[in-house]
Amino acid sequence: MNFTWTIWLALLGLIFGHGLPGAVVGGISGFIIDSLRQGQRRRATPEAGGYISPLFALLGAVAKSDGRVSEAEIAVAERLMQRMGLEHDQRKQAITAFNAGKQPEFNVTPAIEELRRWVGLRRDHAFPVLDVVIETVLAEGNPPPEKMAILRQLAFALRVSDMELMALMAMKGYAWNATGGSRGYGSRGNGGYVPPQRNTQGPDPYTVLGIARDVDDRAVKRAYRKLISEHHPDRLGDLPEAMRKQAEARASEINAAYERIKAERGFK
């Protein structure tokens, strides 16, 4: 347990509270604050392995949402199991969940709610979960609306905005405009679905940072600092190494986008 507040308030009590009695009162007050903060951190820390069943069930549902599960989508799940280093029982758990998610009657809402509870207050844990689902959504290229609808439902539950989701898609090399409708629909004259498109020019740096091109330099710097803080791998605690590597890749994309904008605008 961290005793920062206990020590500081005890010292302040010693200095300003007439010696030892003030130190005791300050120390007790600080200990209560430290205990409450520790409890909050415990509640905010995801349970190790608690994401396996709902995550793989959701991957199965995404894969099946257009009516068929492709080899590419199965390969994404297989690679994820390998990267996560799942043990034999965990692998069986993941396969069972994936197959359950493929069933026509499967309801994605409970799985999404379970992932939301697992993520809890840790938004920095929401991004690795979305990363994995995005890989399945994009496994066959430009995704149909059914896949994007599930992805957006998950993002909304995890308190990730469309702008942030657009940035995650941009980091995967896809351009997507979330405006003009809901559940994955965009505006193309007739109001039809506009799927994310592979960006042949590479990730747009402004989309990666989640900002418009006409913002000033200070806004660019603020967006960069906020993003790199949220996506830094050191914040991820005991998440699997595979998800940590994805966070490292996201941090690299954010840094690269910021460097491109700096070079373009000529500021340091």
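Everything numeric here is computed off the predicted structure, so don't read it as measured data.

**Student:** What is the right way to read unusual backbone geometry from this model?
**Tutor:** With the exception of glycine, the majority of residues adopt a negative phi angle, and the majority of peptide bonds are in the trans configuration. Of note in this structure, Arg 159 is not a glycine but carries a positive phi near 65°. For Arg 159, the position within the fold is in the loop between helix H8 (145-157) and helix H9 (162-171). What makes Arg 159 partly exposed here is its relative accessible area of 43%.

**Student:** How do you make sense of H8 when you look at a structure like this?
**Tutor:** Residues separated by three or four positions in an α-helix point in the same direction, a consequence of the helix having 3.6 residues per turn. Under the 1.5 Å per step criterion, the end-to-end length of H8 is 18 Å for 13 residues, consistent within 8% with the ideal 18 Å. Among the residues of H8, Pro 145, Lys 147, Met 148, Ala 149, Ile 150, Leu 151, Arg 152, Leu 154, Ala 155 and Ala 157 are the ones counted as buried. Looking at the packing, one finds that the buried side of H8 touches helix H3 (52-64), helix H4 (71-84), helix H6 (108-119), helix H7 (123-137) and H9. Positioned one or two residues after H8, Arg 159 has a phi angle of 65°, which is positive.

**Student:** How do you make sense of the confidence of the model for the protein when you look at a structure like this?
**Tutor:** Low pLDDT means the predicted atomic positions in that stretch should not be read closely. Here the protein averages 79 in pLDDT, while 73% of its residues score no lower than 70. Ranking the elements of the protein by mean pLDDT puts helix H2 (residues 20-44) last with 60 and H3 first with 94. Below a pLDDT of 50 lies the segment residues 40-48, which in the model reaches 12 contacts outside its immediate sequence neighbourhood of four places, other chains included. Under a pLDDT of 50 for its full length, residues 180-190 has, in the predicted model, 28 contacts with residues more than four places off or in other chains.

**Student:** What should I look at first to understand the environment of Thr 207 in this one?
**Tutor:** Take Thr 207: it is sitting in helix H10 (residues 205-209). Once the C-alpha coordinates of Thr 207 and Ala 167 are considered, the two residues, 40 residues apart in sequence, prove to be 5.3 Å apart. Side-chain polar atoms of Thr 207 contact the side chain of Asp 204, separated by 2.8 Å.

Rules of the game
- Residues numbered from 1 in each chain as written.
- Predicted model: local features only at pLDDT ≥ 70, side-chain atom pairs only at ≥ 80, totals over all residues.
- Heavy atoms only, no water.
- Helix = DSSP H or I, 4+ residues; strand = E, 2+ residues; numbered from the N terminus.
- Buried < 20%, exposed > 50% of the residue type's maximum accessible area, 1.4 Å probe, protein only.
- Expected span 1.5 Å × (residues − 1).
- Contact = heavy atoms within 4.5 Å.
- pLDDT = per-residue confidence, 0-100.
- Polar contact = N/O pair within 3.5 Å; in protein donor to acceptor, adjacent residues only side chain to side chain.

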